[in-house]
Amino acid sequence: MSGLKTMVATAATPAWNEAEAAAIIASHRHREGPLLPILHAIQAAFGCVPPEAEPLIANALNLSRAEIHGVVTFYHDFRRKPAGRHVLKLCRAEACQSMGGEANAARLLATIGLDWGGTTPDGRLTIEPVYCLGLCANAPAALFDDMPVGRADAARLETLVREAA
Ligand code: FES
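Residues numbered from 1 in each chain as written. Predicted model: local features only at pLDDT ≥ 70, side-chain atom pairs only at ≥ 80, totals over all residues. Heavy atoms only, no water.

### Digging into the UniProt feature "binding site: [2Fe-2S] cluster" (unreviewed entry) in the protein chain
Here is step 1: The positions UniProt marks with the feature "binding site: [2Fe-2S] cluster" (unreviewed entry) are Cys 91, Cys 96, Cys 132 and Cys 136. Over a stretch of 46 residues, the named residues converge on one spot in the fold, their C-alpha atoms separated by at most 9.3 Å.
Here is step 2: With respect to the helices and strands, the residue Cys 96 is situated in helix H6 (residues 94–98).
Here is step 3: Its relative accessible area of 2% is what places Cys 96 among the buried residues. (UniProt positions renumbered as here; feature names shortened; annotations may be inferred. Helix = DSSP H or I, 4+ residues; strand = E, 2+ residues; numbered from the N terminus. Buried < 20%, exposed > 50% of the residue type's maximum accessible area, 1.4 Å probe, protein only.)

### Brief notes about the side chain of Asp 122
Here is step 1: Along the chain, Asp 122 turns up in the loop between helix H7 (101–112) and strand S2 (125–130).
Here is step 2: Among buried Asp, Glu, Lys and Arg side chains, Asp 122 stands out as unpaired, with Arg 124 the closest opposite charge at 5.7 Å.
Here is step 3: Here the side chain of Asp 122 touches Arg 124 through a polar contact of 2.8 Å, landing on its backbone nitrogen. (Lys, Arg positive; Asp, Glu negative; His and termini not counted. Salt bridge = Lys/Arg side-chain N within 4 Å of Asp/Glu carboxyl O. Polar contact = N/O pair within 3.5 Å; in protein donor to acceptor, adjacent residues only side chain to side chain.)

### Quick look at the nonpolar core
Here is step 1: Ranked by internal contacts, the top residues of the largest apolar core, which has 19 residues, are Leu 35, Leu 39, Ile 42, Val 49 and Ile 57.
Here is step 2: Take this core: its biggest share by element is six residues, from helix H3 (residues 35–46).
Here is step 3: For Ile 42, the residues in contact, after removing those within four places along its chain, are Ala 21, Ile 24, Ile 25, Gly 47, Cys 48, Val 49, Pro 50 and Ala 53.
Here is step 4: If you look at the next biggest cluster of nonpolar residues, it comprises 16 residues, including Ile 127, Ala 142, Phe 144 and Ala 152. (Core = buried A, V, L, I, M, F, W, Y, C linked by side-chain atoms within 4.5 Å. Contact = heavy atoms within 4.5 Å.)

### Structural notes on the packing of aromatic side chains
Here is step 1: Within the structure shown, the criterion is met by three aromatic pairs.
Here is step 2: Each ring, one from Phe 74 and one from Tyr 75, has its centre 5.0 Å from the other, and the planes form 90°; the classification is edge-to-face.
Here is step 3: Under the relative-accessibility criterion, Tyr 75 is labelled partly exposed at 36%.
Here is step 4: For the ring pair Tyr 75 and Phe 78, a centre distance of 6.1 Å and an interplane angle of 85° mean the geometry is edge-to-face.
Here is step 5: Its relative accessible area of 7% is what places Phe 78 among the buried residues.
Here is step 6: In this structure an aromatic cluster arises from ring pairing among Phe 74, Tyr 75 and Phe 78. (Phe/Tyr/Trp six-rings, centres within 6.5 Å; stacked < 30°, edge-to-face > 60°.)

### Observations regarding the side chain of Glu 158
Here is step 1: Along the chain, the position of Glu 158 falls in helix H8 (residues 154–163).
Here is step 2: Here the side chain of Glu 158 touches Arg 107 through a polar contact of 3.2 Å, side chain to side chain.

### Side note on a nonpolar patch on the surface
Here is step 1: A surface patch of nonpolar side chains, amounting to about 300 Å² of accessible area, comprises Leu 36, Phe 74 and Tyr 75.
Here is step 2: You can see Tyr 75 is positioned in the loop between helix H5 (65–74) and strand S1 (86–91). (Patch = residues over 30% accessible without salt bridge, like charges linked within 9 Å, V, L, I, M, F, W, Y side chains within 5 Å. Areas by Shrake-Rupley, 256 points an atom, 1.4 Å probe, with all protein chains shown as cover.)

### Observations regarding the pairing of S1
Here is step 1: Counting buried positions along S1 yields six of six residues, so the element is predominantly enclosed.
Here is step 2: Both faces of S1 are covered, namely the face carrying His 86, Leu 88 and Leu 90 and the face carrying Val 87, Lys 89 and Cys 91.
Here is step 3: Pairing between S1 and S2: six bridges, direction parallel. Residue pairing across strands places Val 87 opposite Thr 126, the latter belonging to S2.
Here is step 4: For S1 and strand S3 (residues 142–144), the ladder comprises three bridges, and the chain directions are antiparallel. Residue Leu 88 lies in a different strand from S3, and its bridge partner there is Phe 144. (Pairing = 2+ DSSP bridges.)

Below, the structure is given as structure tokens:
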């Protein structure tokens, strides 16, 4: 399994751009319920919701920075750092837990040397939790980029991760 730890590649990290972020915020701020659309648009532009975006959004919506931070950290979809080129989401909800998903995940994370939400140093892979993918009948379930993966036992997950370019 050591090959999983020595993946060599680079990931493009979108650079923070305050003017671009301000334009995104301005384009959504007059919507009804603008916060989530703004956060999604910021993440689409920068690969995450950078901490620098929080005060800009707070000022625009007349909210506290703590309120913005609370929303960003509450929703698992929002990232604090850009993801790797591949994202593996492992289901941690009940049906998948009952089918060994947690043990599979723990083994994979230990093998690669990541915590939940972590990205390999080469920027190749991010592993994130998800809470039900609607694939409970094929638990334990995962989502590799946009590809649903059922019966995602430890060996299958490791093969997926190892073979992804
Ligand atoms: S509980 Fe894992 S897919 Fe539903």
